[in-house]
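Chain residues, written in single-letter form:
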Amino acid sequence: MAQVEVVRGDITSQVVDAIVNAANTSLLGGGGVDGAIHRAAGPELVMACRQLNGCATGDAKITSGFRLPAKHVIHAVGPVWRGGRHGESDLLASCYKRSLELATDHGLTSIAFPNISTGIYGYPKAEAARVAIRTVQSFLQAQTSVGQVIFVCFDSDNYELYTDLLTQGLG
Ligand code: AR6
């Protein structure tokens, strides 16, 4: 079984095969973690993203990491929270699953996730953490090259939620 870890910090400094971006459907950059990743990766990243023709909510696409220490960026598009009855949890789960599928397709061994949708997109943090952990743990039951998953929490709320849930062994 792969290792699942929680760290508090900035995802742009993670030395892994891929960091996941909480992007929007244009894939052309934005605020939050998306802005931080584009600043750290350099202008080559938006040039590569322009070739991808956007990305649907719940899906993900991969580029190189350019000037980042991470080799690749997987751009996942989380749902905007609209009260919870608009398929938000399935779409959020799909972001984590599609990112892990892409990592597996590319033979990657380590991947770091931010807390997708829990910033500008307003997804309640506790519910998002459960979806993220459950989806990752279920994916890791299958055959995959991925041996290390890191949840990178930027804020203390998310860090505490993930630490508690993983200590209890569940999402
Ligand atoms: N490293 C790790 N996590 C971070 C960082 C960082 N450097 N900066 C922020 N976070 P958000 P969303 C955390 O708003 O809710 C963009 O404009 C943050 O604390 O970045 O999915 C996109 O272009 C929060 O827990 O993404 C989209 O338009 C988490 O990252 C929109 O925001 C996600 O917050 C996506 O919104």
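The paragraphs below set out a description of the structure included in this document. Keep in mind the model is a prediction, meaning the values are calculated, not measured.

Turning next to the site of the ligand. Neighbouring the ligand are 22 residues, the closest being N24, G31, V33, D34 and I120. Within the contact set of the ligand, an oxygen atom lies 3.4 Å away from a side-chain nitrogen or oxygen of N158. Protein coverage of the free-state accessible area of the ligand, which is 710 Å², stands at 91%. For the shell around the ligand, the secondary structure elements donating two or more residues are β2 (18–23) and α1 (32–41). It is α1 that contributes the most residues to the shell around the ligand, 4 residues altogether. Across the shell around the ligand, the residue classes tally to 8 nonpolar, 11 polar and 3 charged.

We now examine the sheet that holds strand β4 (residues 72–77). Taken in spatial order, the 6 strands make up an open sheet running β1-β6-β5-β2-β4-β3, and their pairing is mixed. Each having just a single partner strand, β1 (3–8) and β3 (60–64) make up the two edges of the open sheet. Each adjacent strand pair in this sheet contributes to an overall mean axis angle of 25°, direction not counted. The pairing of β3 with β4 spans 5 bridges and is classified as antiparallel.

Given two aromatic rings, their pairing is described by the distance between the two centres and the angle made by the two planes. All told, the structure shown has 4 aromatic pairs when counted by the stated rule. Plain terms: the ring middles of F151 and Y162 are 4.8 Å apart, the flat faces sit at 45° to each other, and that makes the pair tilted. Of this pair, F151 sits in strand β6 (residues 148–153) while Y162 is found in helix α5 (residues 156–167), placing the two residues 11 residues apart along the sequence. For Y162, a relative accessible area of 1% puts it in the buried group. An aromatic cluster is built from Y96, F113, F151 and Y162, whose rings are joined through pairwise contacts.

Right, let's get into the packing of helix α3 (residues 88–105) against helix α4 (residues 125–139). Relative placement of two packed helices is described by the angle separating their axes and the distance separating the axes. Where α3 contacts α4, the axes come no closer than 9 Å and their chain directions differ by 35°. Crossing of α3 over α4 shows right-handed handedness. Along the contact surface, α3 presents S89, L92, A93, Y96, K97, L100, E101 and T104, while α4 presents A128, V131, A132, T135, V136 and F139. Across the contact of α3 with α4, the residue classes break down as 9 nonpolar, 3 polar and 2 charged.

So, how was this worked out
Residues numbered from 1 in each chain as written. Predicted model: local features only at pLDDT ≥ 70, side-chain atom pairs only at ≥ 80, totals over all residues. Heavy atoms only, no water. Near = heavy atom within 4 Å. Polar contact = N/O pair within 3.5 Å; in protein donor to acceptor, adjacent residues only side chain to side chain. Areas by Shrake-Rupley, 256 points an atom, 1.4 Å probe, with all protein chains shown as cover. Helix = DSSP H or I, 4+ residues; strand = E, 2+ residues; numbered from the N terminus. Nonpolar A, V, L, I, M, F, W, Y, C, P; charged D, E, K, R; others polar. Pairing = 2+ DSSP bridges. Axes fitted to C-alpha atoms, helices over the stretch in contact; angles between N-to-C directions. Phe/Tyr/Trp six-rings, centres within 6.5 Å; stacked < 30°, edge-to-face > 60°. Buried < 20%, exposed > 50% of the residue type's maximum accessible area, 1.4 Å probe, protein only. Left-handed = near helix turned anticlockwise from the far one by under 90°. Contact = heavy atoms within 4.5 Å.

Worth remembering: the numbers are spatial, not functional.
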